[in-house]
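Listed here are the chains, written in short residue letters.
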Amino acid sequence: MLIDKYSSLEEKEKKFISLQIDSKEELDKLIADWSDKNQDKKIIFRGVTEAKYKLINSAQRIWNGNELVKLGKSYHDFIQTEIENAKNFHNNLLIKFYNSFGHNAYDLSILSFLQHYKAPTPLLDFTYNFDCALFFGTDGLTHNPSSNIENYFSIYAIDTSSRDFISFLQHLESITNQINSIIVNNSDIKIDYNESLNKIDELKYNHFKDLTLFYLPGYLKNGISFNIPSIPNFNLTYNQHNLNVINQEGLFVFNSDPIHPLEDYFSGGYDTGFQNIFQLPKINCWNIHKSFADYVVRYLTQNRNIPIDKEFIYPQEEFIASSSFKNYKNLS
């Protein structure tokens, strides 16, 4: 059974590089150190309202909490079936939606959609923007003064330049380059490359789940295209088509394990975790006292041209439409 909470800050500190924020001066320094200072986007952040929660994704929580294993299918069957059900909904509506702006309904795209609408997925939301992480850490926060870990919310930070923590785009680049090299270097031999292409042509979950751990970059202007020069008709474009991801400067971290939280992979060195494939430094964590929540909200909303609030973080299509007319009346 998955245990999804830490019982104390002391227990949690064994898993992270932790810093406890208990004064306004400490909080001001943290904000000064990180706000607007991540221009190269190497650091990604996650904010949560409760310091006690482990970094588990919604698929892990639902799979274990609802004991879905008793239905006789595997964890990965659960995710794949969910993707296929979304694709097939109402005569392939989602597939038509993605096709309408020239984008295939990749399994990864479907997972992003499902994550946006709170269906269980193996994705965890992160952001390149420290201030956005502060919003998530305080949005909906409740503070009933108690002792120890119940008094804190948390901000997490991961350095994406760590060698074993790669972008999914690096995987795509590697496999397309490999296919092209094989074809070019064996031009006199007939090679059936369809199997390899099928694995990536639709970014199938059943293929990329075997990568276990990676991150999916957020919105990129014009997206990123992948080509195989020796196969002229092959073209794959990756992007995030999600209003929330754009404003939140969001991205996703994928963890295919049904039990282990994300921090178990970032165990701090060789032979220190439950596996030895990924050798990653511990995740940074700031446990911030909940009494500073209102102070953080004022920082995020006051004296800003665009406040970081619910309207900004969760843009709704209906509001965009209605405000376009309201703004016209206000300017008339």
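Anything mentioned here points back to the structure above.
Only a predicted model underlies this, so the values are computations on that prediction, with no experimental measurement involved.

A closer look at the overall build of the protein
Then step 1. Assigned secondary structure in the protein consists of 13 helices and nine strands.
Then step 2. For the protein, the C-alpha radius of gyration of 22 Å lies close to 20 Å, the compact-globule estimate for 332 residues.
Then step 3. Structurally, the protein occupies a C-alpha span of about 70 × 65 × 40 Å along its principal axes.
Then step 4. Out of the 332 residues belonging to the protein, those deemed buried represent 47%.
Then step 5. Of the contacts made within the protein by residues no fewer than 6 positions apart, 76% connect residues no fewer than 24 positions apart.
Then step 6. As presented, the protein carries roughly 17,600 Å² of accessible surface, and 51% of it is formed by carbon and sulfur atoms.
Then step 7. Seen as two clouds, the 31 positive and the 40 negative side-chain charges of the protein have centres 3 Å apart.

A closer look at the layout of surface pockets
Then step 1. Approximately 1,100 Å³ is the volume found for the largest pocket.
Then step 2. Among the secondary structure elements, those contributing two or more residues to the lining of the largest pocket are strand S2 (43-48), helix H3 (58-65), helix H5 (107-116), strand S3 (123-127), helix H10 (243-248) and strand S8 (250-255).
Then step 3. Its volume calculated, the second largest pocket comes out at about 420 Å³.
Then step 4. Looking at the second largest pocket, it is lined by 24 residues, and the ones nearest its centre are Phe-97, Phe-113, His-116, Tyr-117 and His-241.
Then step 5. Counting residues per element, the ones that place at least two in the lining of the second largest pocket are helix H4 (75-100), H5 and H10.
Then step 6. Among the elements that line the lining of the second largest pocket, the one with the most residues is H4, at six residues.
Then step 7. When the residues that make up the lining of the second largest pocket are grouped by side-chain class, the tally is 13 nonpolar, 10 polar and one charged.

Some words on the side chain of Thr-127
Then step 1. By the secondary structure assignment, Thr-127 is in strand S3.
Then step 2. For Thr-127, a relative accessible area of 1% gives the class buried.
Then step 3. Looking at Thr-127, its side chain comes within polar contact range of the main-chain nitrogen of Asn-129, at 2.9 Å.
Then step 4. One polar contact links the side chain of Thr-127 to the main-chain carbonyl oxygen of Glu-249, over a distance of 3.2 Å.
Then step 5. Apart from the residues within four sequence positions on either side, Thr-127 is in contact with Ile-43, Ile-44, Phe-45, Cys-132, Ala-133, Gln-248, Glu-249, Gly-250 and Leu-251.

Re the packing of aromatic side chains
Then step 1. Taken as a whole, this structure holds 24 aromatic pairs when the rule is applied.
Then step 2. Between the aromatic rings of Phe-16 and Tyr-156, the centroid separation amounts to 5.3 Å while the plane-to-plane angle is 45°, which identifies the pairing as tilted. One end of the pair, Phe-16, is in the loop between helix H1 (9-13) and strand S1 (17-21); the other, Tyr-156, is in strand S4 (residues 152-159), with 140 residues separating them in the sequence.
Then step 3. Between Tyr-265 and Phe-278 the ring centres are 5.7 Å apart and the planes differ by 85°, which places this aromatic pair in the edge-to-face class.

A look at unusual backbone geometry
Peptide bonds are, in most cases, trans, and in most cases residues other than glycine have a negative phi.
Then step 1. Look at Asn-92: it is not a glycine, yet its phi comes out positive at around 65°.
Then step 2. Phi at Lys-118 takes a positive value of approximately 65°, unusual for a residue other than glycine.
Then step 3. Here Lys-118 falls in the exposed class, since its relative accessible area comes to 75%.

Focus: the pairing of strand S9 (residues 284-289)
For a regular strand, the rule is simple: side chains alternate between the two faces of the sheet.
Then step 1. The element S9 is largely enclosed, with a buried count of five among its six residues.
Then step 2. Sheet topology places S1 next to S9; five bridges connect them, and they run parallel. What sits directly across from Ile-17, in S9, is Asn-284.
Then step 3. Where S4 meets S9, six bridges bridge the pair, whose relative direction is antiparallel. Counterpart to Tyr-156 in the pairing with S9 is Cys-285.

Concerning the pattern of salt bridges
Oppositely charged side chains are able to pair whenever their charged atoms sit close together.
Then step 1. For the structure on display, the rule yields 10 salt bridges.
Then step 2. The salt bridge involving Lys-87 is made with Asp-107; its shortest N-O contact spans 2.6 Å. In this pair, Lys-87 sits in helix H4 while Asp-107 sits in helix H5, placing the two residues 20 residues apart along the sequence.
Then step 3. The exposure class assigned to Lys-87 is buried, which follows from its relative accessible area of 5%.
Then step 4. We classify Asp-107 as buried; its relative accessible area is 0%.
Then step 5. Two residues, Lys-310 and Asp-139, come together in a salt bridge whose shortest N-O distance is 2.8 Å. Taken together, the residues Lys-310 in helix H12 (residues 310-313) and Asp-139 in the loop between helix H6 (130-138) and S4 connect sequence positions 171 residues apart.

The rules we used
- Residues numbered from 1 in each chain as written.
- Predicted model: local features only at pLDDT ≥ 70, side-chain atom pairs only at ≥ 80, totals over all residues.
- Heavy atoms only, no water.
- Helix = DSSP H or I, 4+ residues; strand = E, 2+ residues; numbered from the N terminus.
- Rg over C-alpha atoms; globule rule 2.2 N^0.38 Å.
- Buried < 20%, exposed > 50% of the residue type's maximum accessible area, 1.4 Å probe, protein only.
- Contact = heavy atoms within 4.5 Å.
- Areas by Shrake-Rupley, 256 points an atom, 1.4 Å probe, with all protein chains shown as cover.
- Lys, Arg positive; Asp, Glu negative; His and termini not counted.
- Charge placed at Lys NZ, Arg CZ, Asp CG, Glu CD.
- 1 Å grid on protein atoms, 1.4 Å probe; cavity = no way out; pocket = protein on both sides within 12 Å on 5 of 7 lines; lining within 4 Å.
- Points joined across faces, edges and corners; volume = space filled by probe spheres on them.
- Nonpolar A, V, L, I, M, F, W, Y, C, P; charged D, E, K, R; others polar.
- Polar contact = N/O pair within 3.5 Å; in protein donor to acceptor, adjacent residues only side chain to side chain.
- Phe/Tyr/Trp six-rings, centres within 6.5 Å; stacked < 30°, edge-to-face > 60°.
- Pairing = 2+ DSSP bridges.
- Salt bridge = Lys/Arg side-chain N within 4 Å of Asp/Glu carboxyl O.

Everything listed is a geometric property; what it means functionally is a separate question.
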